[in-house]
Amino acid sequence: MTDRFPANSYSFTESPPARNLIGGEWCDPGGSERLEVINPRHGRAMSSVGLSTAGDVARAVEAARAAFGGWSAWPVRERAQIFYRARELMIRDLDELTWLVSHENGKTFDEARAEVLKGIECMEYGCSLPNLSAGEKLTVSRGVTCEVVHEPLGVVAGVTPFNFPFMVPLWMIPQAIVGGNCFVLKPSEVVPLSAVRLGALFEEAGLPAGVFSLVQGGRQAVEALCDHEGIAALAFVGSTRVARLVYARGAASGKKVLCLGGAKNHLIVVPDADPELTAENVVASYTGCAGQRCMAASVLVAVGEVQHIIDEVARRSAALQTGTDMGPIVSEAAVRRITGYIDQAESMGAEVLVDGRGIQGDSGGYWIGPTLLDRVSPQMPAGCEEIFGPVLSIVRVDTLEQALQLENTNPYGNASAIYTTSGDVAAKAMSRVSAGMCGVNIGVPVPREPFGFGGWNDSKLGHGNITGYDGFRFWTRPRKITTKWALQSDQSWMS
Ligand code: NAD
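Residues numbered from 1 in each chain as written. Predicted model: local features only at pLDDT ≥ 70, side-chain atom pairs only at ≥ 80, totals over all residues. Heavy atoms only, no water.

Draft legend 1. Broad picture of the sheet that holds strand β16 (residues 391–397). Taken in spatial order, the seven strands make up an open sheet running β14-β15-β16-β13-β12-β18-β19, and their pairing is mixed. At either end of the open sheet lies a strand with only one pairing partner, and these are β14 (351–354) and β19 (437–440). Strand after strand, the sheet turns through a mean of 20° between neighbouring axes, direction not considered. When strand β15 (residues 371–374) meets β16, the two strands line up parallel, connected through three bridges. Each residue of the ladder has a partner; that of Leu373, found in β16, is Ser393. (Pairing = 2+ DSSP bridges. Helix = DSSP H or I, 4+ residues; strand = E, 2+ residues; numbered from the N terminus. Axes fitted to C-alpha atoms, helices over the stretch in contact; angles between N-to-C directions.)

Draft legend 2. The arrangement of helix α12 (residues 332–347) in detail. For α12, which comprises 16 residues, the first-to-last C-alpha distance of 22 Å matches the rise-based estimate of 22 Å (1.5 Å per residue) to within 8%. For α12, the complete set of buried residues consists of Ala334, Val335, Ile338, Thr339, Tyr341, Ile342 and Ala345. For α12, the angular spread of the buried residues around the axis is 150°, confining them to a single face. Residues of α12 that are exposed and point more than 90 degrees away from the buried face comprise Arg336 and Ser347. Trailing α12 by a residue or two, Gly349 shows a phi angle of about 115°, which is positive. (Expected span 1.5 Å × (residues − 1). Buried < 20%, exposed > 50% of the residue type's maximum accessible area, 1.4 Å probe, protein only. Arc of directions from axis to C-beta.)

Draft legend 3. Main features of the nonpolar core. Formed by 97 residues in total, the largest nonpolar core has its most connected members in Phe83, Met90, Trp171, Ile173, Phe183, Phe202 and Phe212. When residues of this core are assigned to their parent elements, the largest contribution, nine residues, is made by helix α6 (residues 167–178). A domain split of this core shows at least three residues from each of domain 1 (20–261 + 459–479) and domain 2 (265–440). The residues touching Phe212, leaving out its near neighbours within four places in the chain, are Leu21, Ile173, Ile177, Phe183, Leu185, Gly199, Phe202 and Leu207. If you look at the next biggest cluster of nonpolar residues, it comprises 37 residues, including Val299, Val301, Tyr366 and Ile368. (Core = buried A, V, L, I, M, F, W, Y, C linked by side-chain atoms within 4.5 Å. Domains from an automatic or database assignment. Contact = heavy atoms within 4.5 Å.)

Draft legend 4. Structural view of the domain arrangement of the protein chain. When its domains are assigned, the protein chain resolves into domain 1 (20–261 + 459–479) and domain 2 (265–440). Distance from the C-alpha centre of domain 1 to the C-alpha centre of domain 2: 31 Å. With both sides pooled, the region where domain 1 packs onto domain 2 buries about 1,600 Å², and carbon together with sulfur makes up 57% of that total. For the pair domain 1 and domain 2, the interface holds seven residue pairs in polar contact (both at pLDDT 80 or more). Classifying every residue of the side of domain 1 that touches domain 2 gives five nonpolar, seven polar and three charged. (Buried area = accessible area lost by both parts, 1.4 Å probe. Polar contact = N/O pair within 3.5 Å; in protein donor to acceptor, adjacent residues only side chain to side chain. Nonpolar A, V, L, I, M, F, W, Y, C, P; charged D, E, K, R; others polar.)

Written out as structure tokens, the structure reads:
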């Protein structure tokens, strides 16, 4: 068991050090270095985390391997029952989990609540697998049947980023574990505490020891997971730079690997767009979670005469209050990085319509307010690179064709959206943007369960999606069984 997180407001609250969970035992990571876990709203250490070594990873895999035989023999309905129970416990602890996410990541209470609820939705999808994962069977010729059975892979692992400490692990865990695997999670060392609560909730729900393991840490632990030959599949969510390293290194040891990376999401606004709906939605997309979402708007492609909509976006952006409407940035280093992009765009000729630089919090912390840059060009770093902060770059073009070309030229392909009242324009954009998750009049087009989450191009390495049925397919392998019990009268090549 672990301690409950006692916060019920944004007031600074400490939490015990984040630990590993290996074979049902809570233990300290073996590395000598420890990192502070900083509450970004206060800029103060609320906890600490040790860094796991290759030895810790090996022990976790060993414990998972020992648990696999028993766990995979449980009928899928019984495996799902544990997740029904864990889901009930999450509802019981909704406030606690919400405050924990808010404190360790910085997002507002409402944003943290939405994250926890989305994590619970992922749990519900996992609970539904007994109804969805039945194999398929067909009589393929006279007297001959072919059947597909989805079997677990064994020990599998996930590596997750700082921006959704509760939800992103739950993109992976329910499908993997209800699918019959034993799972090793390496959460971001920046936000290790929600994962600890997850481990405790799974324990309380009755998940057998070793089925879920937790190794805290950073690069060394990830590299050990990539290299370990006892791990059959590895999913990663984080920046494209690290996604590339993990994809190559994980595949080199024969694993199935799926890596979701960074983003530069383009929202296209055409003159017939509904001004209120568009402005409200664009602002929510680029400022939600302080822009620290892989689905956040990053470039507003303004087609033709849409100045009235830009004015409304600026008005709404300027009215947002940091601290209440928008949370802090994750770290001081991130504030420097984001400020650098804004400074550089300004020096290259962009106009700063709304300036979020230099904001101070009431109790310290790391802040940047909503920032709107106009007359950005796609050649400026702010116009083509991932900033991962509350900054929206406006690029002006004359035609929809130019807008689509601009969107298509960017190497990322996570999300894209169009704002229009014309079905024809929407259909054209939806068939032409080069992105895996697309929106019409919606700036955060997350494909909710049962649809699978995953981008295209540099936003994803590997095949399929991380959530929905694709997630289940990733964590399992299909066994095809062809059966004949009787002699056939009409012979064929199958006989
Ligand atoms: P990150 O890439 O820095 O870290 C992600 C994970 O990789 C962490 O667990 C970290 O410990 C580990 N890691 C970091 N450096 C490593 C290295 N050199 N070798 C091996 N492992 C390493 O990402 P972040 O800053 O935590 O998260 C923000 C990024 O994640 C953004 O780029 C964002 O777009 C992306 N993201 C993508 C999605 C998606 O679904 N596509 C979702 C959420 C976040």
